[in-house]
Amino acid sequence: MCRDCSCGQPAPEPLPEPTRQLPLHTALLQRNDAQAAGLRQRFQAAGVTVVNLLSSPGAGKTALLEALAQRLDSSGLAVIVGDLATDNDARRLQAAGLAAVQITTGQACHLEAPMVAEGLHRLQHQGISLEQLELLLIENVGNLVCPGAYDLGESLRVVLLSTTEGEDKPLKYAPIFHGADLVLITKSDLAEAVGFDRAAAHAAIARVAPHARVLETSARSGAGLDALINALAR
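So, how was this worked out
Residues numbered from 1 in each chain as written. Predicted model: local features only at pLDDT ≥ 70, side-chain atom pairs only at ≥ 80, totals over all residues. Heavy atoms only, no water. Buried < 20%, exposed > 50% of the residue type's maximum accessible area, 1.4 Å probe, protein only. Helix = DSSP H or I, 4+ residues; strand = E, 2+ residues; numbered from the N terminus. Pairing = 2+ DSSP bridges. 1 Å grid on protein atoms, 1.4 Å probe; cavity = no way out; pocket = protein on both sides within 12 Å on 5 of 7 lines; lining within 4 Å. Points joined across faces, edges and corners; volume = space filled by probe spheres on them. Nonpolar A, V, L, I, M, F, W, Y, C, P; charged D, E, K, R; others polar. Core = buried A, V, L, I, M, F, W, Y, C linked by side-chain atoms within 4.5 Å. Contact = heavy atoms within 4.5 Å. Polar contact = N/O pair within 3.5 Å; in protein donor to acceptor, adjacent residues only side chain to side chain. Axes fitted to C-alpha atoms, helices over the stretch in contact; angles between N-to-C directions. Parallel < 35°, antiparallel > 145°, perpendicular 65-115°, else oblique. Left-handed = near helix turned anticlockwise from the far one by under 90°.

Participant: For this particular structure, what's the right way to read the pairing of strand β6 (residues 182–186)?
Facilitator: Successive side chains on a regular strand alternate, one facing one side of the sheet and the next facing the other. By the criterion of burial, β6 is predominantly enclosed, with five of the five residues buried. What you see with β6 is no split at all: L182, L184 and T186 on one side and V183 and I185 on the other are buried throughout. Strand direction decides the pairing type here: strand β5 (residues 156–162) and β6, joined by five bridges, are parallel. Across the sheet, V159 pairs through a bridge with V183, a residue of β6. With four bridges connecting them, β6 and strand β7 (residues 213–216) associate as parallel partners. Paired with L182 across the bridge in β7 is R213.

Participant: Is there a simple way to explain empty space enclosed by the protein in this structure?
Facilitator: In this approach the atoms are scanned with a rolling probe the size of a water molecule, which exposes any empty space left behind. On inspection of all chains with the given rule, the structure shows one cavity of 30 Å³ or more. Of the pockets and cavities examined, the largest cavity occupies roughly 40 Å³. Every residue lining the largest cavity is listed: V51, L53, L64, L65, L68, L137, V158, L184, L228 and L232. At three residues, helix α2 (residues 61–69) tops the list of elements feeding residues into the lining of the largest cavity. Among the residues making up the lining of the largest cavity, the classes are represented as 10 nonpolar, no polar and no charged.

Participant: Could you clarify how one ought to interpret the layout of surface pockets in this entry?
Facilitator: Considered as a void within the structure, the largest pocket measures approximately 250 Å³ in volume. If you trace the largest pocket, you find it lined by G47, T49, L72, D73, G76, L77, E134, L135, I229, L232 and A233. The dominant element in the lining of the largest pocket, judged by the number of residues it contributes, is helix α9 (residues 225–233), at three residues. When the residues that make up the lining of the largest pocket are grouped by side-chain class, the tally is six nonpolar, three polar and two charged.

Participant: What am I meant to see in the nonpolar core here?
Facilitator: V51, V79, V158, L184 and L228 are the most contacted members of the largest nonpolar core, which has 28 residues in total. Elements with a minimum of two residues in this core: β1 (49–54), α2, β2 (77–83), α3 (88–95), β4 (135–139), β5, β6 and α9. Those residues in contact with L184 that lie beyond four places of it in its chain are L64, V158, V159, L160, L161, L215, T217 and L228.

Participant: Could you clarify how one ought to interpret the side chain of T62 in this entry?
Facilitator: Considering the arrangement of structural elements, one finds T62 in helix α2. One polar contact links T62 to D89, side chain to side chain, over a distance of 3.3 Å. The contacts of T62, once residues within four sequence positions are left out, are D89, R92, L93 and E139.

Participant: What's the story with the packing of α2 against α9 in this structure? I'm lost.
Facilitator: Between two packed helices, what matters for the description is the angle formed by their axes and the separation of those axes. Between α2 and α9, whose axes approach to 11 Å, the crossing angle comes to 85 degrees. Taken together, the axes of α2 and α9 are roughly perpendicular relative to one another. Counted together, L64, A67 and L68 of α2 and L225, L228 and I229 of α9 form the full contact between these two elements. In the contact of α2 with α9, the residues fall into six nonpolar, no polar and no charged.

Participant: Just to check I follow, could you spell out the packing of α2 against α3 for this structure?
Facilitator: Running from N to C, α2 and α3 cross one another at 15 degrees; their axes reach a closest spacing of 9 Å. One way to sum up the angle between α2 and α3 is to call them roughly parallel. In the crossing of α2 with α3, the sense of the turn from one axis to the other is right-handed. Across from T62, A63, L65 and E66 in α2, the residues of α3 making contact are D89, R92 and L93. Residue composition of the contact of α2 with α3, grouped by class: three nonpolar, one polar and three charged.

The structure is reproduced here in structure tokens:
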């Protein structure tokens, strides 16, 4: 019977729901990957090694770069720094004698390939070309989630784990550690004071990133920095 009245007529069949099809043939990150591939070609043609530094906020990326500046020829080294706001880290690195430019991302919690291209443009405005560099360091936004998904054309992906964060971070944030070529345990001089379990940390890294090399470093004491420089040179 009709639902709306008592006319005795059979109820009409409901109309089919309209449907929409959205073709998803293009990968969400395809545009970034294509631009990263172009950057990688530029880096290889220039003969420059590019390192993508990833970590949580406060793990010691900037302090590590300041310490490396004291041991490396700064004429062949430049840094692109990513942060949501301020140019604090770039100014710190410039004060340490490094050529550094800041990329302020606003709401974005990671750097993307076009942002790296913009950083290269800013370096060029400072008179620094890729061809005169041996090492380009990209200090990514402090975040252990989003940055790992974005290829920046780098030659080497380095993930930092500070002793003050706890030894279980590789297990909690496995994807970003899984993509690492090198894992740095930073602030090693504080390990005893904060009760850092070295064995547990190394076991966690080996579990999620068995292919990655692991080094312990301290920007304050200088421990492990020569080994890091050798690793970057290779």
